[in-house]
Amino acid sequence: MLRIEGLSVSYGAVEALKDVSLEVPPGRVTAVIGANGAGKSTLMRTLAGLEKPKSGRVLFNEEDITGGKPEDIVRKGIALVPEGRSTIPDLTVEENLKLGGMWRTHAQRGTSLTRVYSLFPVLGERRHLGADTLSGGERQQLAIGRALMTGPQALLLDEPSLGLAPLIVTQILELVSQMAKDSGLAVLLVEQNAATALRVAKTGIVLNLGQIVKSGPAHDIAQDEELRHAYLGY
Amino acid sequence: MIDFIDYLLGGVSSGAIIALMALALVLVWRSTRVVNFAQIGQAMFTTYVALTIRELTGSWFLALIVAMAAGLVLGVLVHFLVIRPVKRLDTSGAIIATFGVLIALEALAAMVWGGDPEAFPPPIENAGYELFGRIWPFSPYDLLVLVSVVILVLALSVVFTRTNVGLAMRASAFNPEVARLSGVRVNRMLVLGWAIAGLVGAVAGVLVAPLSTLSPTSFDIFLVFAFTAAVIGGLDSLVGAVAFGIGTGLVIALVSGYSDSSNAPLVALALLILNLLFKPEGVFSHHKARAV
Amino acid sequence: MDSILQRFSGARLGVNAATALVIWGLLTWLNQVIDPLMSYYLATTAMYATAMFGMTILLGLSGQVSLGNGALMAIGGYIFAVTSMNWQTVPLLGTPWNAVWSMVFAGVGGVVFGAAIGGIAARLRGPYLAGLTLGIAVGVPAIANRFPGLLGGENGLMLQVPYPEGGYASQDVGSEEETEESSEIGVGDEPVYEELPDEFADQGEQSGVDDMLTEDDFLSEDDMLTEDDFLSEDDMLTEDDFLSDEDFSTDEGFDTELVEEDLLTDDDFLSEEDFTTDEGFEASVDAGAETQNGGDAGGGNEFVGGTDPAAELDPAGLDSEFVIEQWQASVAIAVACVVGFVALNLVRGRQGRVWEAVRDDPIAAAVSGISPAGSKISAFVVSSLFAALAGAVFAQILSYVGPGAFTLGLSLSLLVGVVLGGRNSFIGAIIGAVILVWLPEFVLGLSADRGWQDQITNNAPNFIYGLLVVLVVLVAPGGIVGGIQGLVGRFRSDSRTG
Ligand SMILES: Nc1ncnc2c1ncn2[C@@H]1O[C@H](COP(=O)(O)OP(=O)(O)O)[C@@H](O)[C@H]1O
Ligand SMILES: [Mg+2]
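Residues numbered from 1 in each chain as written. Chains lettered and ligands numbered in written order. Predicted model: local features only at pLDDT ≥ 70, side-chain atom pairs only at ≥ 80, totals over all residues. Heavy atoms only, no water.

Digging into the overall build of chain B
For step 1, the next point in the chain: From N to C terminus, chain B includes eleven helices and two strands.
For step 2, the next point in the chain: Secondary structure elements of chain B, listed N to C terminal, follow the sequence α-α-α-α-β-β-α-α-α-α-α-α-α.
For step 3, the next point in the chain: Taking 2.2 N^0.38 as the reference for a compact globule, 292 residues should give roughly 19 Å; the C-alpha atoms of chain B span a radius of gyration of 19 Å, in line with that estimate.
For step 4, the next point in the chain: For chain B, buried positions account for 58% of its 292 residues.
For step 5, the next point in the chain: Counting contacts in chain B only where the partners sit at least 6 residues apart, residues at least 24 apart contribute 74% of the total.
For step 6, the next point in the chain: Accessible surface, chain B as shown: approximately 10700 Å² in total, 70% of it carbon and sulfur.
For step 7, the next point in the chain: One finds the centroid of the 15 positive side-chain charges in chain B at a distance of 21 Å from the centroid of its 15 negative side-chain charges. (Helix = DSSP H or I, 4+ residues; strand = E, 2+ residues; numbered from the N terminus. Rg over C-alpha atoms; globule rule 2.2 N^0.38 Å. Buried < 20%, exposed > 50% of the residue type's maximum accessible area, 1.4 Å probe, protein only. Contact = heavy atoms within 4.5 Å. Areas by Shrake-Rupley, 256 points an atom, 1.4 Å probe, with all protein chains shown as cover. Lys, Arg positive; Asp, Glu negative; His and termini not counted. Charge placed at Lys NZ, Arg CZ, Asp CG, Glu CD.)

Below you can see the structure in the form of structure tokens.
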């Protein structure tokens, strides 16, 4: 569904991604793991259109979307939940959600909203409160909910575990993996926290200094002790 | 005591107009992080347009509508021709550019309409109401100003809080990246912010003209008042701009009443300095963005 | 290392002094050979340049957009006017007052206000600073309205050029309406001129205009602020050798060209004592009575002396012609050169690097031990000092101070000039000053050819300024100087590579 071919991205002289190729199939979670500074966020931001690649291509349903604007890419069906709490504290919970997918029909948005509230009941309870009143885990749910409101075929999650308690992380990730299975969503999950990510993912990809050093079934990567020592630090 | 009430009443309509002008500054600031010092020049220019329309047709209302349209167009033009190209450079460049626009607009107005002050008579009676055997410093025209401002502010608040476009504009102001990732065409929202600001400023200009005179530079002082109000309100806050716009107008009216109207700019300056010294982030702002 | 640095900075001082001196010499010579109208342009240009050197430091080096410099010019101008009209002796020192002291006090006022504004400004970022200084530009000149007695209110104060010795006098601008207004408010019921010594007032009233405005009063070196006074003032300027008496009066040198020299010397300057004693005053009046009436009403600004008392005092006296514009220009040029010299030394020295460091990266500068706030304040103080001195010069050029002279438009002009010329160099400031003075004349010429309406002619320059400012910000942020440097740089690298 989402295919990346030979992608390279630089910030000035810093080469953040070098010739990265990978595929994100529908209906399951693909995890990209790697240490801090490996280039994971750069990969996600480039897919979403926030950074322009130096070379390489991004294909979505066989359509070349390389270098597209974020607001166009999200309309095609790729939604990014960026790193950090990507909610807007000045808006209410429901306004944060309604921000996603404004171009869609009223009916589509209504359906999505109902679905988000059923996935994350706490958001429904707090719909009229300011987003700044939410806890960290609730905000992450809100951020994912906002992305789901755009009706995506591919969901990009950049370190959703950041700063959250392990139990909440597990809950959220299981939910996402369930969603992928149920609705054929393609999920690209980026994590520094490799163990958790590999538990829910089908495929694992290890990124180091902007290059893919290993990819394969998540189970195998989780077992590979050498890899863990060399790149994941545990 | 009756003086106090008189002075306050006398400040209501100018406070309401300052609120509009401050609102225009805030709208632009929220959309592009630029204080549009040319805003008052745009308002002055569209008020001259209104004067011309009024002289041609005799209709104040038509003049107001045309001025609003002109303000909208002018706001969009300034945004496209000046701010968008310059914004990527430095902030001081953007500030200087808005002053360049101000200078050019004031000169252009003087070239087209002449530099001498023109009378812009109120469309209705501007003598105070008589009630309880005395004349109050609040006239039918003051009432018209107040009603116009209230209608405009209410309309804006409905747009901002109840519509998708308003939500998109607010989101674009608070976090453009998240807005774009949500599918909002943020650039269009910026243009819209400039357009609405231009419109609001145009209304302020037409309303204020009968209270002062109309000359290319006669509104300059309102820029200082409006900037003061907007900054005290937090520069980000629409509510703050309105509240402190009216507040600034009232304080100025009181001080002018008890001393002399030539003190008004000094009062505004003092308010601004006090605010910047003691509450630099503004009263309604969410951000602590002002320090070096 | 230290000694090398010291020697280097000594050499730099010498180079800067030589630069300033050469420019001063050239301009002074120019001032002698051009007609009075050109001298007036020269004076105005030098005045703008003086203020804009400060803008270069504030905007170019320190990166702060300020519109307050017009207000600081007002402060300098008003201090100059008020002190020279009201003070006969220097407080504490007791020495006779003269216009140099007025300049010094104007400068001190600029420093004080600059420090105050800078103290607030240092805490502010771009648009807040611009807005605050906008308020200052609009608000400060309005202060004059609060003190109609002292500051002349809306009408301002006329500086009468034939002033009683030691300073300028106020012309009677206190119209009846004005006086009423002031008594209403209870400040300064009496017009300023009445505070002058009684003898003067009496004499003046009795003798009438003819006797009061004598040519002698206007033109003679006795009454005038002298060039020497300005330039040899040690406490104001560090390099007294730059403009010392010796430089002036040696036979070699400028002697033959420098007309002021024989007109305006220290010796000829009447002291305060002369003035306050009956003798001195009468002598002065007598001298005035002997000469013909200057008649400023219809005769324009050029006065040709009939008798020349200076000839007795100064055997080298060559020329008896005194042109007020020439004198104004010589004051403006001298101040501009001294300010330019000080500015060059600051910018090319440590302080310049400090300002740039803070502008480019305040955090890095703070880490390396520079106080960003201190740096910004010092830039404000220096630019305010320059602005105040320029304001004092402006007051002399106009012979007037008033809210109408120090408008927001003046502040905007300074911004326009420095942005167009090039905000990063003093050459840019000078080019900007020339543009400010030249463009309106150029447009006037065009309009005469094509018969434009007045309202077009008068406002076209500002329209052009506004458009040019936007254009410069968009395509050449370095202004004319930056643009030329860019072209030269590209040409050089082109010829090197290809
Ligand atoms: N905006 C930026 N400007 C310059 N360099 C950046 C920027 N963002 C990231 N980098 C650099 O790119 C590399 C990859 O960063 P990132 O993609 O954020 O890594 P990760 O998300 O895996 O921690 C790092 O070396 C980082 O310093
Ligand atoms: Mg990251």
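And the narrative resumes.
Focus on the site of ligand 1
Residues and elements named next belong to chain A.
For step 1, the next point in the chain: Around ligand 1, the structure places Tyr11, Ala16, Ala35, Asn36, Gly37, Ala38, Gly39, Lys40, Ser41 and Thr42.
For step 2, the next point in the chain: Between ligand 1 and the protein, one listed contact pairs an oxygen atom with a side-chain N or O atom of Asn36 at 3.1 Å.
For step 3, the next point in the chain: One nitrogen or oxygen atom from the main chain of Lys40 is found 2.8 Å from an oxygen atom belonging to ligand 1.
For step 4, the next point in the chain: Calculation on ligand 1 without its partners gives an accessible area of 550 Å², and the protein chains cover 60% of this total.
For step 5, the next point in the chain: Looking at which element gives the most residues to the shell around ligand 1, the answer is helix H1 (residues 40-48), with three residues.
For step 6, the next point in the chain: Looking at the shell around ligand 1 residue by residue, the class counts come to four nonpolar, five polar and one charged. (Near = heavy atom within 4 Å. Polar contact = N/O pair within 3.5 Å; in protein donor to acceptor, adjacent residues only side chain to side chain. Nonpolar A, V, L, I, M, F, W, Y, C, P; charged D, E, K, R; others polar.)

Remarks on the interface of chain C and chain B
For step 1, the next point in the chain: Opposite the 43 residues of chain C that make contact, chain B presents 47 residues.
For step 2, the next point in the chain: With both sides pooled, the region where chain C packs onto chain B buries about 4000 Å², and carbon together with sulfur makes up 79% of that total.
For step 3, the next point in the chain: The interface formed by chain C and chain B contains zero salt bridges.
For step 4, the next point in the chain: On inspection of chain C and its partner chain B, the count reaches three residue pairs in polar contact (both at pLDDT 80 or more).
For step 5, the next point in the chain: Elements that contribute at least two residues to the side of chain C that touches chain B include exactly helix H5 (126-139), helix H6 (143-146), helix H21 (408-421) and helix H23 (454-475) of chain C.
For step 6, the next point in the chain: Grouping the constituent residues of the side of chain C that touches chain B by class yields 29 nonpolar, nine polar and five charged. (Buried area = accessible area lost by both parts, 1.4 Å probe. Salt bridge = Lys/Arg side-chain N within 4 Å of Asp/Glu carboxyl O.)

Things to note about unusual backbone geometry
For step 1, the next point in the chain: Backbone geometry at Asp19 of chain A places phi at a positive 50°, although glycine is not the residue there.
For step 2, the next point in the chain: With respect to the helices, strands and loops of the structure, Asp19 of chain A is situated in strand S2 (residues 14-24).
For step 3, the next point in the chain: Positive phi values are uncommon outside glycine, yet Arg33 of chain B reaches one of about 55°.
For step 4, the next point in the chain: Positionally, Arg33 of chain B belongs in the loop between helix H1 (2-32) and helix H2 (39-57).

Some thoughts on the sheet that holds strand S1 (residues 2-11) of chain A
Residues and elements named next belong to chain A.
For step 1, the next point in the chain: Taken in spatial order, the four strands make up an open sheet running S2-S1-S4-S5, and their pairing is antiparallel. Looking at the sheet topology across the chains shown, the edges are occupied by S2 and strand S5 (63-64).
For step 2, the next point in the chain: Across five bridges, the pairing between S1 and strand S4 (residues 55-60) is antiparallel. Counterpart to Leu2 in the pairing with S4 is Phe60. (Pairing = 2+ DSSP bridges.)

Here's the deal with the packing of H21 of chain C against H23 of chain C
Residue and element names in this part refer to chain C.
For step 1, the next point in the chain: Following both chains from N to C, one finds H21 and H23 inclined at 45°, their axes separated by 9 Å at the closest point. Between H21 and H23, the angle is such that the two are oblique. The hand of the H21/H23 crossing is left-handed. Between H21, through Val416, Val419 and Leu420, and H23, the contact on the second element is made entirely by Tyr465, Leu468, Val469, Val472 and Val473.
For step 2, the next point in the chain: Per-class residue counts for the contact of H21 with H23 are eight nonpolar, no polar and no charged. (Axes fitted to C-alpha atoms, helices over the stretch in contact; angles between N-to-C directions. Parallel < 35°, antiparallel > 145°, perpendicular 65-115°, else oblique. Left-handed = near helix turned anticlockwise from the far one by under 90°.)

Regarding the packing of helix H4 (residues 91-113) of chain B against H23 of chain C
For step 1, the next point in the chain: Closest axis-to-axis distance for the H4 of chain B/H23 of chain C pair is 7 Å, and the angle between their directions is 160°. On the basis of the axis angle, H4 of chain B is roughly antiparallel to H23 of chain C. Here H4 of chain B and H23 of chain C pass one another in a crossing that is left-handed.

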